[in-house]
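# Remarks on the overall topology
In case you want the letters, here they are:
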Amino acid sequence: MMYNNEHFEPVITPNVQRPGCETLDFYITNENGYKGLEKALKMKPAEVIDEVKKSNLRGRGGAGFPTGMKWSFMPANPVDANGNLKPKYLVCNADEGEPGTFKDRLIFTKTPHRMIEGMIIAGHAIASNKGFIYVRGEWFKETRLMQKAIDDAYAKGFLGKNILGSGFDFDLVVYKGAGAYICGEETALLNSLEGKRGEPRLKPPFPAQVGAYGMPSCVNNVETFAAVPYILVKGWEKYAKMGTERSGGTRLIGVSGHVNRPAVYELPMNLSINDIIEIAGGVKGGKLKAVIPGGASAPMLRADECTVLTDYDSLAKAGTMAGSGGVIVLNDTVNIVEATYTLLKFYEHESCGQCSQCREGSHWLARMFKRILDGGGTQDDLDYIAKICGNMAGQTICAFADAVTGPALSSVRKFREEFEELIHKGGLLGMGRQESVSHKLVGAHV
Amino acid sequence: MSNNLEIEIKKPKLDLNYTSDKKPVHSDANPDVKPLPKVTIDGKTYEFRPGDTIMQVAERMKVHEEIPRYCYHPGMPIAGTCRMCTVEVEKAPKLMTSCSTPAADGMVVHTRSEKVLKSRTGVMDFLLTNHPLDCPVCDKAGECDLQDYNFEYGPSKSNFKEEKRVYVDATTKKLSDKITLNMNRCVHCERCVRFTDDVTKTNDLVMVNRGWHKELEATDPEKGLTNDYQGCLTDFCPVGALTMNDFRFKKRSWFLTKKASVCDRCSKGCNIEVHSDADIVYRYIPIFNEMVNGHWMCDEGRTSYNDFMNPMRVIAPLMKHEGEFHATSFETLLTDIKKHVREASSVELVVGTDATREEAALLKDKVPALFGKSMNVSYHNGFISSLAEDKKLDHMLRMTDKTPNTRGVEEQGLLALKNGEVTSDVVIFFRNGRAGIPKMKANQKVILWGVWTIDEVKNFPSQNVLAVIPGLATIEKAGSYKNADGIVQKFHPAITHRGSALSAHQVADVLKSLN
Amino acid sequence: MALSEKIKKTINGIRHQFPTEQALLIPLLHEIQNDHGWVSLDAMKEAGEFLNLPLSKVREVASFYTMFKLHPQGKVDVQICTNISCWLNGADKLVSCAEKRLGVHAGQTTKDSCFTLTQVECLASCGTAPAIMMNEDYYENVTEAQLVELINQAEKDVATNKTVGKSTRQDGVWP
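Definitions and limits used
Residues numbered from 1 in each chain as written. Chains lettered and ligands numbered in written order. Predicted model: local features only at pLDDT ≥ 70, side-chain atom pairs only at ≥ 80, totals over all residues. Helix = DSSP H or I, 4+ residues; strand = E, 2+ residues; numbered from the N terminus. Rg over C-alpha atoms; globule rule 2.2 N^0.38 Å. Buried ≥ 20, exposed ≤ 12 C-beta atoms within 10 Å, placed from the backbone. Contact = placed C-beta atoms within 7 Å. Nonpolar A, V, L, I, M, F, W, Y, C, P; charged D, E, K, R; others polar. Pairing = 2+ DSSP bridges. Axes fitted to C-alpha atoms, helices over the stretch in contact; angles between N-to-C directions. Domains from an automatic or database assignment. Arc of directions from axis to C-beta. Core = buried A, V, L, I, M, F, W, Y, C linked by C-beta atoms within 7 Å. pLDDT = per-residue confidence, 0-100.

### A short note on the overall build of chain A
Counting its secondary structure elements, chain A contains 18 helices and 9 strands. For chain A, the C-alpha radius of gyration of 22 Å lies close to 22 Å, the compact-globule estimate for 446 residues. For chain A, the spread of C-alpha atoms along the three principal axes comes to 75 × 55 × 35 Å. Counting over 446 residues, chain A shows a buried share of 61%. Sequence separation of 24 or more characterises 72% of the internal contacts of chain A that already satisfy a separation of 6 or more.

### Brief notes about the interface of chain B and chain A
On the chain A side, the residues contacting the 30 residues of chain B number 33 residues. Ranked by residue count, the leading element in the side of chain B that touches chain A is helix H2 (residues 114-129) of chain B, at 7 residues. Considering only residue class, the side of chain B that touches chain A consists of 10 nonpolar, 13 polar and 7 charged.

### Quick notes on the sheet that holds strand E17 (residues 376-380) of chain B
Residues and elements named next belong to chain B. As summarised here, the arrangement of the 8 strands in space is E15-E14-E21-E20-E19-E16-E17-E18, forming an open sheet in which the pairing is mixed. Strand pairing shows two members of the sheet lacking a second neighbour, strand E15 (324-327) and strand E18 (415-416), which therefore form its edges. Of the strand pairs in this sheet, strand E14 (residues 318-321) and strand E21 (residues 465-470) are connected by 2 bridges, and their pairing is antiparallel. Paired with Leu 318 across the strands is Val 468, a residue of E21. Packing of helix H8 (residues 330-343) onto the sheet brings it into contact with E14, strand E16 (347-352), strand E19 (426-431), strand E20 (445-450) and E21, and relative to E21 it is tilted by some 135 degrees. Each of E16, E17 and E19 is contacted by helix H9 (residues 357-365), which is oriented at about 170 degrees to E16, the strand it contacts most.

### With respect to the domain arrangement of chain A
Residue and element names in this part refer to chain A. Each assigned domain of chain A is listed here: domain 1 (24-241), domain 2 (251-331) and domain 3 (336-430). Distance between the C-alpha centres of domain 1 and domain 2: 27 Å. Between domain 1 and domain 2, the residue contacts involve 13 residues of the former and 16 residues of the latter. Of the residues in the side of domain 1 that touches domain 2, the class split is 3 nonpolar, 5 polar and 5 charged.

### So, the interface of chain C and chain A
Counting from both sides, the interface comprises 45 residues of chain C and, opposite them, 53 residues of chain A. The residue makeup of the side of chain C that touches chain A, split by class, is 24 nonpolar, 16 polar and 5 charged.

### A look at the domain arrangement of chain C
The assigned domain composition of chain C is domain 1 (5-64) and domain 2 (76-159). Here domain 1 of chain C and domain 2 of chain C have C-alpha centroids that lie 28 Å from each other.

### Some points on unusual backbone geometry
The amide bond that connects Lys 203 of chain A to the next residue, Pro 204 of chain A, takes the cis arrangement and shows omega of 5 degrees. Inspection of the secondary structure assignment puts Pro 204 of chain A in the loop between helix H8 (186-193) and strand E4 (217-221). For the peptide bond that leads from Ala 129 of chain C to Pro 130 of chain C, omega is -10 degrees, which places it in the cis range. With respect to the helices and strands, Pro 130 of chain C occurs in the loop between strand E2 (115-120) and strand E3 (132-134). Residue Tyr 213 of chain A is not a glycine yet carries a positive backbone phi of 55 degrees. Residue placement: Tyr 213 of chain A occurs in the loop between H8 and E4. Judged by the 23 C-beta atoms lying within 10 Å of it, Tyr 213 of chain A is buried.

### Here's the deal with helix H15 (residues 379-392) of chain A
Residues separated by three or four positions in an α-helix point in the same direction, a consequence of the helix having 3.6 residues per turn. Residues and elements named next belong to chain A. Inspection of H15 places Ile 385, Ile 388, Cys 389, Asn 391 and Met 392 among the buried residues, and these make up the whole buried set. Projected down its long axis, H15 carries its buried residues within an arc of 160 degrees, all on one side. Away from its buried face, by an angle of more than 90 degrees, H15 presents the exposed residues Gln 379, Asp 380 and Asp 383. Count one or two residues on from H15 and you reach Gly 394, which has phi positive near 75 degrees.

### Re the nonpolar core
Among the nonpolar cores identified, the biggest contains 195 residues, and Val 91 and Val 291 of chain A are the most heavily contacted of them. One finds Val 116, Val 123, Val 262 and Val 351 of chain B within the second-largest nonpolar core, a separate group that totals 124 residues.

### A word on the sheet that holds strand E1 (residues 89-94) of chain A
Residue and element names in this part refer to chain A. The strand order across the open sheet built from 4 strands is E3-E2-E1-E4, with neighbouring strands paired in parallel fashion. For this open sheet the edge positions go to strand E3 (171-176) and E4, each flanked by a neighbour on one side alone. Averaged over all pairs of adjacent strands, the angle between their axes in this sheet comes to 20 degrees, without regard to strand direction. Where E1 lies against strand E2 (residues 130-135), 6 bridges are found, and the strand directions are parallel. Bridged to Tyr 89 within E2 is Lys 130.

### Quick notes on the confidence of the model for chain C
Any region with low pLDDT has predicted coordinates that should not be read closely. A residue-level look at chain C finds 99% of positions with pLDDT of 70 or above and a mean pLDDT of 93. Across the predicted assembly, pTM comes out at 0.92 and ipTM at 0.96.

### Here's the deal with the pairing of strand E2 (residues 44-47) of chain B
Here 4 bridges tie strand E1 (residues 38-41) of chain B to E2 of chain B, and the two strands are oriented antiparallel to one another. In the strand pairing of E2 of chain B, Lys 38 of chain B is matched with Glu 47 of chain B.

### Side note on the pairing of E19 of chain B
All names here are of chain B. Of all 6 residues in E19, 6 are buried; the element is thus mostly enclosed. Side chains of E19 alternate between two faces, with Val 426, Ile 428 and Phe 430 and Val 427, Phe 429 and Arg 431 buried alike. Where E16 meets E19, 5 bridges bridge the pair, whose relative direction is parallel. Directly across from Leu 349, in E19, lies its bridge partner Ile 428. Pairing analysis gives 6 bridges linking E19 to E20, with the strands arranged parallel. Looking across to E20, one finds that Val 426 is bridged to Lys 445.

As structure tokens, then:
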């Protein structure tokens, strides 16, 4: 196809359309199931980390941190105050909550074993004997499917004691969250795993020093783990060549919104956003107006900016981010201010409330946007949005506040005319709509 | 009583049933390392103790103005959530919270750079968006961190045009008899929750919900707040969200004169600051003393000033004449007492263990001679019968001995009143309002000396009270107490007594002049 | 008694997997939520006693997470995602349609305690927007007609005492 990359082949999703692809038998028979693990257990942990480092695999949760480097940060033999060896924990972040992102759900339901194998390999690489999979609470069915896959893996000896006769033990535990987007943040996840409120922690100390239950931990995304077996089986070079110079492999891009074929597509990283929209069937219901390229927290792009390539560095240079790979397409029937308000309502609801700026700022921005939509906006509101965002970003414990400023600031900068129209015409009602924004509260939580 | 006081600087332990994550764990610092590491703050270089955070270094070295903070408190675990204390650290990509960032060798810190000041203004802007303009009716005005920091750093104008958040059920909510909550004023620093979790360990406060409608509630709504240190909540709440009912609407803070003294409600001897106006006391607050009470004091001690402001307290010399008490002068009263004392067959002088060390010495050595009669001088406590019984009532400050100076009085060479029972004809009983009353017979002639209320006098076990010599309360005089840890604490008058009472030494002078 | 023997058995069965007792709190609250449809203050007190945790820690957690309801709910929780991708595909119309059919505003429970209508955040089903949840089950690519049909079917099932929306749950099997 027009993928422009002769090395490309699907890493995670070659067989997701085939019936029975989630079973262990299918995985072993058709997908080199657990062969990567077999190979890794014959290597030394440092060698496995090296392999992953050279493959240029970067974290797929949104931050894009090089995975091999993250694994190498784990201390070798950490001891506590009494000189006893501290256990190390591997944690999988399956709290997929970023709006527009739905790729991890595909992995959970269609190739869970790929992720399990990736976790066991990672456990061996960082010398950890216990892994936790933190799943978002709303995934009842997916959690049960994953538990079944884990039980099957135990039955076949891929988990538990003395895996494949190597002497390496690894246990995997599934833990359900309970409906908080902030628990997708690494340290908030660790707090939630400990049974507390999902509030992000101060860093330093980093999770590699003090993580789950106070022990050194490594947190990675579902897709990151799912890419690991391929790297071990086919070799780091093949994986690295599929991508760009600084970031190897493929990415699972979830295209949603106003497209004809919304779905998860496994794609190389040298495509432009326009290419991706075309692969997803083109814009539906109108002309392209805006694209949010990396999940809701990424600053939005205008239609004329969508020629940018979708690898981590190109998007960062364009002032946005690759994030979690959720491409949300908006056509020209959408009022950008209203779309941004939908997102700001989400952020207002999901802020954990620790930091003054984020707690008050996310609330303030949401109310301000609502006021503009209801017709009470004034010209200096637009300058003030920029000021609020400037006071929020970069000064909080976690990046949630920066995520709030993504849509808020980019919508004002790139679609200022829409704001001004609302201000001059007296809101949505003044522009001829039947009713203004929905005032409804979200959830049973007030 | 040993004078070897060991202050333990406790390292946070990981209790595995239930991990507390509010304390960032630093790498084990070795305090004996030489040479000491150096940090540069605002251009000046300081040596510091390894393990200190930037804020601790700045406080120890008294680096010009205090770094502003809401959620940090030296007596509680670190939270780092208010973001007010952020400072610029060279080579760090973002502003770092000085309360939680350990100082490192060679670190260069700027606490008043442009970026930092802008950040502080930003935080103030956000905190003031939903904060009600209650200053005219809020007790905290004049000692409010929000006011002070806004004056220093804050925006002079707010652009918040939306409706402020209102907690309808928690605008004036009684969390207990002692504390009232106004949730609208809260800045969510969570000092109060950390206090009840980690300091008093009673877990009676909880912050429910998340985000902008986080709300403070008593953990069990039926019980409310139950711990014995509720007053401390109002000390450190940076705004007027938690206020003390005892002080509510009584006096504006800028009218208060503040003087240090020692609490006399138990043998702990917490250091207090007496807040008064025109010599009327409105409240006590604790003063930090690392060796005695730390940052805290209990509610019983905090409200104990009411005993000295009691309108029923005897503040003039009273003499019994024809069955009734009459106010008179010290000369008349003491002349009359001397007569009774000299005519008695046996006289006892009982010193309550709330007398100061100086008073105890005076009463033992000089007073019998001044009366011209030999007396048996002993001391009486009323709460414990021996020092071994003085134990801690909880893991913090409260003690079973409700008098402040048992050890100090005993140190003067006095013995305890035998069996707690008075046997002589005439008893002179000296106490400062705290010590208990010994067993007496109904017809013993009693002369009361010190701090008494008229009800105590009228309901005295012996119906034969001849006279009341009024004395000064702890906060009205100079003296010293020896507390439960063996520390001698000297104090000076915090207010001037406005009645006709005299100090024990002044009474002794009058006695001398009569001879 | 908010904590049934079955719940205690389930939680005791997973105790060995976690280093602290506090970690069991969220699974326990999930079980209570499933059993009763909401988490009452009494249930929280029992949970605290069962896990040796102070009540304040239990209350903090129960009120922090959206999935733990602190007030009695209807038998079927109709949760409609109104986040960006579902909104672009007409979630607002779905909410209005549900409000009309059920006769309540979003966030409220019907008078017969049969349904609660809530607006929820992204369910990670954006490719098949609009998506809704009925109790535990996902329904994707939902049209207004389908929504009404689902509600009608649920009403019939509740009337005949069938459990609605928990099709993947197996009794006694964790999770």
